[in-house]
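Remarks on the overall topology
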Amino acid sequence: MLHRAASYCALLVALLSASSVPAQSLEDLLKGSDGLLAPTTAPEEDPEVSVTLHPITGQPQLLLLAVRVELPDGAYTYSQDPAFLGHSAIEVARINGAKPIDDRFLPDHAPKRAYDEIFEQDIEKFTNEVTWYRRFQMTDGVAPGDVEIVGELRYQVCKNTCRQFKHPFTAKVSGESVALPAAFAAAAPADPATGGGEFEFAYRIVPTRKVGGEPKADPLSVQFELFPRDAKAGEIVTFAVTMDIDKGWNTYALQPTDDQFQNPTEIDVLELANLEPAGELTESPAPELEESELGTANIHRGRVTWSRRYTVKDDAPYGLSALMIYQVCDESSRCLPPKDIEFALGSLQTTPPDSAEPVATPVLASTSTPAPPQAPTAATGDAPAATGERQFQFDEGDRPAGLGWNLVLAFLGGLILNIMPCVLPVLAIKVLSFVQQAGESRGRILLLNGTYSLGVLAVFLTLASLAVFLGYGWGQLFQYDGFNLVMACVVFAMGLSLLGVFEIPIPGMIGAAAGGEHREGLTGAFMTGIFATLLATPCSGPFMGTTLAWSVRQPAVVVYLVWGMMGIGMASPYLLIGLFPQLVKWLPRPGMWMVRFKEFAGFVLMGTVIFLVNAIDEALIIPALIMMLGIALGLWMVGSLYNQTTPEPKKWAIRIAAVALAAPILWYGWGQYDRALADKELRAASDDKQLVVHEDELPWQPFSTERLEELLAAGTPTLVDFTADWCLICKQNEKFALNTEKTIQFVKEHGVVTLYADYTDESPEIKKWLDIFQQNGVPLTVVFPADNPEEPKVLRGPYSQGHLLSILKDSVKQPARTAMAPENTSER
């Protein structure tokens, strides 16, 4: 570790002296054959892709689309098996003059299937080359030259590293006819009369949505049908959408109640082909009326079918396309954002979705209603199902009930944020602004503090939008190294300003090089509010964890209300000072102490930079330092090489020179960041990070679902700490409650096993467990009693050593033991 720190220091010294050594460029210094960042491997070869469309010999109306990938020596790619998240995929976006007769692409040879220890599952791979085929039937009356198929191949090529590729293609008929490949020998023969086969008139899907950047299945399945498929002119066909909803969830009827918050289901027919309506859209069974603290709602549970009848106009193919919009909520009123699905059936269907499944028992063709199939609760590739069928029941006495009480707690949580350590650096800037405001009119003081409050609210409402639409939790942005890097650079620039290196080019922003002589402006006040709130997100004070976790299970309007109220709570002290400006009279008069206080605040911000850099991966620290060097050089030139009396042309010449010198350094640092980020993803895939446990810490073991289930099955008392490097409250709990002498002694004496669930980077497995305990983020500590692990004790937010020990004592009912549960090799 000392060697690495010495390397960082050596690099900084070399960079700082680079400008005085003209014979050696920055590129030579860092990237030469003996440079600190010299490349270790030669660039890898790219694969070759070709896409062709040929007639099939002996079947002139059929076409064969071939997508061929030739791989570099020693490289491999993955099959289309969706059980693996990195699988290859071929998406057909548009078809002119033809329609598919196969429901998927077939490879020319079987992949090699083997168990992969890294991903802990069987994975199918192709080496050397692979060709995927799919057959299409030309539409009657269309010439082969008019057929066009547009799509995209998405795949990975792995050798020393794994690289992702996208290959858009447009295929037109060319060349002579080709023989039908052997890959179709075992496939069912194509029937031109039925066009798209089993998926043309009916199919079933499990909708997914992105949560934290990963696909996650909704708790339901949807079945689309148009029956019968062989109706003649004047006969009736029925269009139906059937939803099978998981137990504990519900969706909403077509017609909402007057005070319903949730979105009703909508099914809008976009286009009809050879059909005309013969009835209205109906739903079966009739909806239930549910009453809750949020009002009333018309809901459906279990299975519901929406249907409408149509008349076939002519003896010709028929079909329709439609858009469905639905929302689902669970029994605790946690609602997922509305989801829309566009689909087509019959003659208007060009290609079914890749996730389409055959309909085993069509609802419209059956005389009895079968039991609804269970939709998976997680998308393929998500974390393992939590401990099999084990169901947890935990005390929710700490969870406030009702919108009104949650709004009160949200306000208090936001108010307390002002004294959390994350916000203290910005409070120093606000103290300086209060001193300046002492000489302002009451109206301007209120305007400045109101503008600061708008900046605070803007961030809270943005975070609420991320929670509603992307499923992000409080502080989750700090999981992303790019966000940490940008924040570190912004804080670094503000620290340089407070230390007098340059003047922040935001009108009226406190902290200028002049020592605060300029008046505070509205733009500066607004930006300071944004800055303070972003810095606050790694902290989670009392009331916040439970209130935010409750809010994200509610409709979107409630999420915005709760998060907005938290923003008002954080801004309330400044609004109060705006209303009663005499409150700032206790501050000293402006003087030299402001300059010294401003400089001290600059050092506090530099400490914040260290905290932010510490949260990113080690491999990204060098790129971060390079970019900060570029920022410092550019800002020093702007702040020191001219003053107010300098002629304007000279000012612009210095500014342009600053950009010209700083931009290459920033560009180079960003390039190194991209490269280091790719290396980090590789290391994550190989899971080579070691969990280092010090003597003055609990005997931590890395968390995994399998390890936890093993301990619970054995009746071992277990403590799981869900934490992250960027979470200050987590570190506070570890310092003053978990890694204390009394806690360590108790754990060792009673055989309690402690698991460390590191949420610093994205982890679908850990996110799944946070969802189980209805927690929006970290910190979270869960204690599983030895005699009743299905009723764990849950600690949210900050807590004391005494509180933790009392819970541990209640959870250990057997006599004390000296032998600890066996540890497995620890890695994280």
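Basis of the calculations
Residues numbered from 1 in each chain as written. Predicted model: local features only at pLDDT ≥ 70, side-chain atom pairs only at ≥ 80, totals over all residues. Heavy atoms only, no water. Helix = DSSP H or I, 4+ residues; strand = E, 2+ residues; numbered from the N terminus. Buried < 20%, exposed > 50% of the residue type's maximum accessible area, 1.4 Å probe, protein only. Contact = heavy atoms within 4.5 Å. Pairing = 2+ DSSP bridges. Axes fitted to C-alpha atoms, helices over the stretch in contact; angles between N-to-C directions. Salt bridge = Lys/Arg side-chain N within 4 Å of Asp/Glu carboxyl O. Arc of directions from axis to C-beta. Parallel < 35°, antiparallel > 145°, perpendicular 65-115°, else oblique. Nonpolar A, V, L, I, M, F, W, Y, C, P; charged D, E, K, R; others polar. Phe/Tyr/Trp six-rings, centres within 6.5 Å; stacked < 30°, edge-to-face > 60°. Lys NZ or Arg CZ within 6 Å of the ring centre and 35° of its normal. Patch = residues over 30% accessible without salt bridge, like charges linked within 9 Å, V, L, I, M, F, W, Y side chains within 5 Å. Areas by Shrake-Rupley, 256 points an atom, 1.4 Å probe, with all protein chains shown as cover. pLDDT = per-residue confidence, 0-100. Core = buried A, V, L, I, M, F, W, Y, C linked by side-chain atoms within 4.5 Å. Lys, Arg positive; Asp, Glu negative; His and termini not counted. Charge placed at Lys NZ, Arg CZ, Asp CG, Glu CD. Expected span 1.5 Å × (residues − 1).

To continue, consider the overall build of the chain. Regarding its fold elements, the chain presents 17 helices and 31 strands. Taken over 828 residues, the chain has a buried fraction of 49%. A sequence separation of at least 24 residues applies to 76% of the contacts in the chain between residues at least 6 apart.

By secondary structure assignment, the location of F600 is in helix α10 (residues 592-614). Judged by its relative accessible area of 54%, F600 is exposed.

Another point: the sheet that holds strand β18 (residues 266-273). Sheet architecture is open: three strands sit in the order β18-β24-β26, paired in antiparallel fashion. In the strand order of this sheet, the two ends are held by β18 and β26 (339-346), each with one partner. Pairwise comparison of adjacent strand axes, ignoring direction, gives a mean angle of 15° for this sheet. Where strand β24 (residues 319-326) meets β26, eight bridges bridge the pair, whose relative direction is antiparallel. The partner of I325 across the bridge, within β26, is D340.

The full count for this structure, using the stated rule, is 15 salt bridges. Here R204 ties to E357 by a salt bridge, and the two come within 2.4 Å at their closest N and O atoms. Here R204 is found in strand β12 (residues 202-205), whereas its partner E357 is found in the loop between β26 and α3 (403-417), with 153 residues between them in sequence. Assessed through its relative accessible area of 11%, R204 is described here as buried.

Glancing now at helix α14 (residues 728-738). Think of an α-helix as 3.6 residues a turn; residues three or four steps apart then line up on the same face. Of all the positions in α14, only I729, C730, N733, E734, A737 and L738 are classed as buried. The buried residues of α14 occupy one face: seen down the axis, they fall within an arc of 145°. Along α14, the residues that are exposed and aim more than 90 degrees away from the buried face are K735 and F736. As for α14, its buried residues are in contact with β27 (700-702), β28 (718-723), α15 (741-750), β29 (753-758) and α17 (801-811).

Looking now at the packing of α15 against α17. Running from amino to carboxyl end, α15 crosses α17 at an angle of 10°, the nearest separation of the two axes being 10 Å. Here α17 runs roughly parallel to α15, going by the angle between their axes. Along the contact surface, α15 presents K742, T743, F746 and V747, while α17 presents Q801, L804, L805, L808 and K809. Of the residues belonging to the contact of α15 with α17, the class tally is five nonpolar, two polar and two charged.

Applying the stated criterion across every chain, the model contains 13 aromatic pairs. Each ring, one from F126 and one from W132, has its centre 5.9 Å from the other, and the planes form 90°; the classification is edge-to-face. The pair F126 / W132 is uniform in exposure class, with both members buried. Between F773 and F784, the ring centres sit 6.2 Å apart and the planes meet at 65°, which makes this aromatic pair edge-to-face. With F773 in the loop between α16 (764-772) and β30 (780-784) and F784 in strand β30, this pair connects stretches of sequence that are eleven residues apart. Of the two residues, F773 and F784, neither departs from the other in class, the shared state being buried. Within the aromatic cluster, the residues linked to one another by ring pairs are F703, F722, W769, F773 and F784. One cation-aromatic arrangement involves K125 over Y76; the distance from NZ or CZ to the ring centre is 4.3 Å. Directly above the aromatic system of W652 lies the positively charged group of R655, at a separation of 4.7 Å from the ring centroid.

For the rest of this paragraph, the subject is a nonpolar patch on the surface. Taken together, L446, L576, L579, F580 and L583 make up a surface patch of nonpolar side chains, about 410 Å² in accessible area. One can find F580 in the loop between α9 (556-579) and α10.

All right, on to the environment of D810 then. Relative to the elements of secondary structure, D810 occurs in helix α17. Exposure remark for D810: the relative accessible area of 47% places this residue in the partly exposed category. Each C-alpha atom of the pair D810 and A786 lies 9.8 Å from the other, and the pair is 24 residues apart in sequence.

Now for the confidence of the model for the chain. Low-pLDDT stretches of the model should not have their predicted coordinates read in fine detail. Averaged over all residues, the pLDDT of the chain is 76; the fraction at 70 or higher stands at 74%. β28 holds the highest mean pLDDT among the elements of the chain, 94, whereas helix α1 (residues 2-16) holds the lowest, 40. Predicted confidence for residues 360-389 stays below pLDDT 50, and this span has 68 contacts to residues more than four positions away or in other chains.

Proteins that are soluble and globular tend to have nonpolar side chains buried together. Counting residues in each nonpolar core, the largest one holds 82 residues, and the members touching the most others are W563, F703, L708, V720, F722 and V778. Broken down by element, the residue count for this core peaks at ten residues, all from helix α6 (residues 481-498). For F722, the residues in contact, after removing those within four places along its chain, are C730, A757, I766, W769, L770, V778, P779, L780 and V782. If you look at the next biggest cluster of nonpolar residues, it comprises 32 residues, including W306, M324, Y326 and L345.

This part takes up a negative patch on the surface. Together, D230, E235, D314 and D315 make up a region of like negative charge exposed at the surface. Tracing the chain through its elements places D315 in the loop between β23 (303-312) and β24. Relative accessible area serves as the criterion here: at 62%, D315 is assigned to the exposed category.

Quick look at helix α7 (residues 522-536) now. In this model α7 runs 21 Å from its N-terminal to its C-terminal C-alpha over 15 residues, within 8% of the 21 Å that 1.5 Å per residue would give. With eleven of its 15 residues buried, α7 lies for the most part within the structure. Within α7, the full set of buried residues consists of G524, A525, T528, G529, I530, F531, A532, T533, L534, L535 and A536.

So, on to the sheet that holds strand β25 (residues 328-330). Taken together, four strands build an open sheet; the order of strands is β21-β22-β17-β25 and the sheet is antiparallel. What marks the edges here is a single partner per strand, and that holds for β21 (288-292) and β25. Sheet twist, expressed as the mean angle between neighbouring strand axes with direction ignored, is 50°. Direction of pairing for β21 relative to strand β22 (residues 295-300): antiparallel, over a ladder of five bridges. Counted as the bridge partner of L289 is N298 from β22.

Residue P228 is bonded to the preceding F227 through a cis peptide linkage, with omega at -10°. A cis amide bond links S284 with the next residue in sequence, P285, at an omega value of 0°. Along the chain, the position of P285 falls in the loop between β20 (282-284) and β21. Residues other than glycine seldom take positive phi values, yet N128 does so here, at roughly 65°. By secondary structure assignment, the location of N128 is in the loop between β8 (121-127) and β9 (129-138). You will see that N274, though not glycine, has its phi angle at about 60°, which is positive. Topologically, N274 is positioned in the loop between β18 and β19 (275-277).

Its place among the elements puts L641 in the loop between α11 (621-640) and α12 (648-686). On the basis of relative accessible area, L641 is assigned to the partly exposed category, the value being 37%. Note: C-alpha distance between L641 and R655 (14 residues apart in sequence) is 9.4 Å. Residues contacting L641, with those up to four places away along its chain left out, are W636 and I654.

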